[in-house]
Amino acid sequence: MGRKKWLTWLLAAALLALPGCGKAQEQDEKPEILVTLTDPPTEPPTTEPTTEPTTEPVLVRVEDPLQTPHIFFHSLIVDPSLAFDNDGEDDGYNIYMTTVREFEEILRQLYDNGYVMVREHDIAVETEDGFEPGEIWLPEGKKPVIISQDDVNYYDYMQGDGFATRLVLQNGKVLCEYEDKGRTLTGAYDLIPILDAFVEEHPDFSFNGARAVIAVTGYSGAFGYKALDDPASPDYEAECRQAKAIADALRKNGYEIASHSYGHINFTKSSYNSVERDTLRWEERIGNVIGGSDILIYPFGADITHDVSLNSYEYSSKFRLLYDHGFRYYLHVDNTNSAWIQLSRRYVRQARRNLDGFRLYHYPEKMKDLMQDPEAVLDDRRPLPVPKI
């Protein structure tokens, strides 16, 4: 017998001698080795990596948060055919308002251009030594931007002109009511729910959950709840609860709320006594209901002084009044720079840029730092030419 055949015979004999290796045993029981192979191990093999490879972006600290642009809007036009129907408000809407379609395109271009929303309180923080630039960490190549909306009040003169009518709360989300041919619709008919939907689709457009700054006056209530300005109204208590619930939900969802004064006054031209009366009324009628604010957005963009030197507020009696009432962030309007922020020991002062019909039509080239193709933003349903201011 050759050596190879002898080894084969010896191996077969050894296998037959093992218990359980007969044919009947193979039919009744699964060989132990197969059980081991078919049951997955409870722990990964020690030779394999124990963690998944990370796909998190590399975060880089923003070198100069004081170069953060701040853009703002008013109520968005839902239906241009109603806004521009020759009822006497057309020119104002055309100059100062932005359509829903335009806003959505602006968001898309901001995102494509690498911008990420941050809060007003992210750019500067108050310390024992005064205000200092905040720490903002964004993915490499990203840039911060602040968005705000003025007059989130839904004034009476806008009724029937293709705008939302008020904010409402559903399942923790802030939505809008909109009147359409006698029907009350609820959905994304203004900046807040549109912005929320965009962030849901693009969560990296928001730094730490940041949303927009929402500014309200007081002479027509807030968020569409007009009884806030009339304590004698039978709807006063119910509407106060509703407005407070909306304010709480906004803050919880990353929004900041600002005073836009009570009577939409011009802070440059108004006397000290007028500013005092207005500030007290906003606190009494609005701030005490929705939680107050340390952000003041000047109506008309009219600052208390034209002096922009450092510490220029320190000698202003109006500033001392506003400071004593808790305001620390003061926002005006100025399109001469892409961004302008001033830090002092006691305040933050910032310029905002309006992205409305006037700017979109007359100065699209001034928005090239924000968007690659600002000319493509203009809604073709807007009457042209947009009037000049």
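Residues numbered from 1 in each chain as written. Predicted model: local features only at pLDDT ≥ 70, side-chain atom pairs only at ≥ 80, totals over all residues. Heavy atoms only, no water.

## Considering the packing of aromatic side chains
Aromatic ring pairs are reported here in terms of the distance separating the ring centres and the angle at which the planes meet.
Okay, so step 1: For the structure shown, the criterion picks out 19 aromatic pairs.
Okay, so step 2: Relative to Y219, the ring of Y155 lies with its centre 5.3 Å away and its plane at 10°, an arrangement referred to as stacked. Separated by 64 residues along the polypeptide, Y155 in the loop between β9 (143-149) and β10 (166-170) and Y219 in the loop between β13 (213-216) and α9 (236-252) bring together distant segments of the chain.
Okay, so step 3: Judged by relative accessible area, which is 38%, Y219 ranks as partly exposed.
Okay, so step 4: In textbook terms, an aromatic cluster arises when at least three aromatic residues are bridged by ring pairs, as seen for Y93, Y155, Y157, F163 and Y219.
Okay, so step 5: For K142, the ring lying beneath its charged end belongs to Y111, and the centroid distance is 5.3 Å. (Phe/Tyr/Trp six-rings, centres within 6.5 Å; stacked < 30°, edge-to-face > 60°. Helix = DSSP H or I, 4+ residues; strand = E, 2+ residues; numbered from the N terminus. Buried < 20%, exposed > 50% of the residue type's maximum accessible area, 1.4 Å probe, protein only. Lys NZ or Arg CZ within 6 Å of the ring centre and 35° of its normal.)

## A short note on unusual backbone geometry
Okay, so step 1: Along the chain, L384 connects to P385 via a cis peptide bond; the corresponding omega equals 0°.
Okay, so step 2: With respect to the helices and strands, P385 occurs in the segment after α12 (357-362).
Okay, so step 3: Positioned with a positive phi, F223 is a non-glycine residue whose angle comes to about 60°.
Okay, so step 4: Structurally, the position occupied by F223 is in the loop between β13 and α9.
Okay, so step 5: Taking relative accessible area as the criterion, F223 reaches 0% and is therefore assigned buried.

## A word on the nonpolar core
Okay, so step 1: Of all hydrophobic cores here, the largest spans 58 residues; its most connected members are I147, L167, L191, F205, F223 and I290.
Okay, so step 2: At 7 residues, α9 tops the list of elements feeding residues into this core.
Okay, so step 3: F207, I297, Y329 and I341 belong to the second-largest nonpolar core, a separate cluster that totals 21 residues. (Core = buried A, V, L, I, M, F, W, Y, C linked by side-chain atoms within 4.5 Å.)

## A short note on the pairing of strand β11 (residues 173-180)
Okay, so step 1: Among the 8 residues in β11, 6 count as buried, and that is most of the element.
Okay, so step 2: Relative to β11, β10 is paired through 5 bridges, and the arrangement is antiparallel. When the sheet's bridge partners are listed, L169 is paired in β11 with V174.
Okay, so step 3: Linkage of β10 to β11, two consecutive antiparallel strands, is achieved through a turn of 2 residues, within which N171 is found at a positive phi near 55°.
Okay, so step 4: Here β11 pairs with strand β12 (residues 183-187) via 5 bridges, running antiparallel. Among the inter-strand pairings, Y178 is bridged to a residue of β12, identified as L185.
Okay, so step 5: Connecting the antiparallel pair β11 and β12 is a turn made up of 2 residues, with K181 showing a positive phi of about 55°. (Pairing = 2+ DSSP bridges.)

## Concerning the sheet that holds β11
Okay, so step 1: Taking strand neighbours across the sheet as the criterion, the 3 strands line up as β10-β11-β12 in an open arrangement whose pairing is antiparallel. Looking along the sheet, the strands with just one partner apiece sit at the ends: β10 and β12. Along the sheet, successive strands turn relative to each other by an average axial angle of 40°, direction set aside.
Okay, so step 2: Sheet strands touched by helix α8 (residues 191-201): β10, β11 and β12. Its angle to β11, the strand with the most contacts, is close to 130°.
Okay, so step 3: Seen against the sheet, α9 touches β10 and β11 and runs at an angle of roughly 70° to β10. (Axes fitted to C-alpha atoms, helices over the stretch in contact; angles between N-to-C directions. Contact = heavy atoms within 4.5 Å.)

## What about the pattern of salt bridges?
Okay, so step 1: One pass over the structure, following the stated rule, counts 21 salt bridges.
Okay, so step 2: With a closest N to O distance of 2.6 Å, D180 and R183 form a salt bridge.
Okay, so step 3: A relative accessible area of 47% places R183 in the partly exposed class.
Okay, so step 4: The salt bridge partner of D379 is R381, with a shortest N-O separation of 2.8 Å. (Salt bridge = Lys/Arg side-chain N within 4 Å of Asp/Glu carboxyl O.)

## As for the confidence of the model for the chain
Keep in mind that low pLDDT regions are not for reading the predicted coordinates in detail.
Okay, so step 1: Of all residues in the chain, 86% have pLDDT values of 70 or greater, and the mean over the chain is 89.
Okay, so step 2: Contacts for the low-pLDDT stretch residues 1-47, under 50 throughout, to residues beyond four places or in other chains number 6 contacts. (pLDDT = per-residue confidence, 0-100.)

## What to know about the packing of helix α10 (residues 272-290) against helix α11 (residues 317-324)
Okay, so step 1: Running from N to C, α10 and α11 point in directions that differ by 15°, and their axes come no closer than 10 Å. With respect to α11, the element α10 is oriented roughly parallel. Viewed along their axes, α10 and α11 form a crossing whose handedness is right-handed. Between α10 and α11, the residues in contact are Y272, V275, E276 and T279 and S317, K318, L321 and L322, respectively.
Okay, so step 2: Here the residues of the contact of α10 with α11 sort into 4 nonpolar, 2 polar and 2 charged. (Parallel < 35°, antiparallel > 145°, perpendicular 65-115°, else oblique. Left-handed = near helix turned anticlockwise from the far one by under 90°. Nonpolar A, V, L, I, M, F, W, Y, C, P; charged D, E, K, R; others polar.)

## Observations regarding the side chain of N266
Okay, so step 1: Examined against the element boundaries, N266 turns out to sit in the loop between β14 (256-259) and α10.
Okay, so step 2: At 2.9 Å, the side chain of N266 and the backbone nitrogen of T268 are in polar contact.
Okay, so step 3: Non-local contacts of N266, meaning those with residues more than four positions away in its chain, are made with F300 and A302. (Polar contact = N/O pair within 3.5 Å; in protein donor to acceptor, adjacent residues only side chain to side chain.)

## Comments concerning the packing of helix α6 (residues 100-112) against α8
Okay, so step 1: Contact geometry of α6 with α8 gives a least axis separation of 11 Å together with a crossing angle of 35°. Crossing geometry of α6 relative to α8 is assigned as right-handed. Mapping the contact onto sequence places V100, F103, E104, L107, R108 and Y111 in α6 and L191, I194, L195 and F198 in α8.
Okay, so step 2: For the contact of α6 with α8, the residue count by class is 8 nonpolar, no polar and 2 charged.

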